[in-house]
Every structure is written in structure tokens, then in C-alpha cells.
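Summary of the model geometry
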Amino acid sequence: MHFLLTNDDGIHAPGLRSLEEAIRGLPGARVTVVAPEEERSMCGHRITTHAELIVERIDETHFGVSGTPADCVHIALKGLLDYRPDLVVSGINNGANMGDDTIYSGTVGAAMEAYLFGIPAIAFSQIGKGWAHVDA
């Protein structure tokens, strides 16, 4: 199964690393990570239209993008990937996305962008803020 991972906390976020580790442990999982080069929280489903987007290849399966989480999904699906993912997974967000938060969430915005391309997607968030339990 092919997975595209992204988030709104940035390519080096602990939540994204944890999610990637868990998915890579699935039999036959092929994983590519395309995420913002830095935190882009609370950007919603914004797409960059009047600025240059830069994609930095970190290694074979990791790409940092100068834009939003929705940009990351859009770029990945419109040519960066050599396959169509079976599932787009966004998160794990550092903080809850509940109620009105879902409207503003870049994590949810990335999943919505995948949906517009007809690809199933899910967005994960954690309720407690902080990554002490992951970084330890």
C-alpha cells in the first residue's frame, strides 16, 4: 500500500516522525513524506498562488516544501510522486483539532486537498500539547 504523509508542524516534527515510524512498520508499506519545511499551523486549506514554491529533496522519501500542507499534497499529487497514493495521512498534529479548529487546521486542510483529488485521507491530532513522551 502506498502512503503520502504530511503535516502542518513541519518536516522535522516529532509527531510526523512517530506517524511515519508506525506506518513503515506495516507489511508492504511504501511511504513518502512531503511536508512544510517549517511549521505552518492554522493555515487551513490555503494554497499558495502568488509566490514561488520551493521543494527540497532531503532524501529518497522525504521532501520539504516552502508552502502549506495543502500545497504539499497538491505538489506531490501533480507530479512529485511517481505513484498515486492509496492513502494520505496528515499529522500527528501538536494539539487538538476539534470543533472550530478543524476549519483553521493545516493538518485537516492537507487531508481535504487529498479528498479533492479523490484519494482517501485521514488527519491525526493529539489532545495534549507537547512531545516530551516522544522525545524522551
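Keep in mind it's a predicted model, so treat the numbers as computed, not measured.

1. Quick notes on the pairing of strand β1 (residues 2–6)
- For β1, the buried fraction is high: 4 of the 5 residues fall into the buried class.
- Strand direction decides the pairing type here: β1 and strand β2 (residues 30–36), joined by 4 bridges, are parallel. Across the sheet, the residue bridging to Phe3 is Val31, located in β2.
- Note on the crossover from β1 through helix α1 (residues 14–24) to β2: the handedness is right-handed.
- Pairing analysis gives 4 bridges linking β1 to strand β5 (residues 87–94), with the strands arranged parallel. Each bridged residue has a counterpart across the sheet, and for Thr6 the counterpart in β5 is Ser90.

2. Concerning the packing of helix α2 (residues 69–80) against helix α4 (residues 106–116)
- In the contact formed by α2 and α4, the axes pass within 7 Å of each other and the chain directions differ by 25°. With respect to each other, α2 and α4 are oriented roughly parallel. Here α2 and α4 pass one another in a crossing that is right-handed. Across the interface between the two elements, Pro69, Ala70, Val73, His74 and Leu77 from α2 touch Gly106, Gly109, Ala110, Glu113 and Ala114 from α4.
- For the contact of α2 with α4, the per-class residue count stands at 6 nonpolar, 3 polar and 1 charged.

What counts as what
Residues numbered from 1 in each chain as written. Predicted model: local features only at pLDDT ≥ 70, side-chain atom pairs only at ≥ 80, totals over all residues. Heavy atoms only, no water. Buried < 20%, exposed > 50% of the residue type's maximum accessible area, 1.4 Å probe, protein only. Helix = DSSP H or I, 4+ residues; strand = E, 2+ residues; numbered from the N terminus. Pairing = 2+ DSSP bridges. Right-handed = clockwise from strand over helix to strand, strands pointing away. Axes fitted to C-alpha atoms, helices over the stretch in contact; angles between N-to-C directions. Parallel < 35°, antiparallel > 145°, perpendicular 65-115°, else oblique. Left-handed = near helix turned anticlockwise from the far one by under 90°. Contact = heavy atoms within 4.5 Å. Nonpolar A, V, L, I, M, F, W, Y, C, P; charged D, E, K, R; others polar.

By themselves, these figures tell us nothing about what the structure is for.
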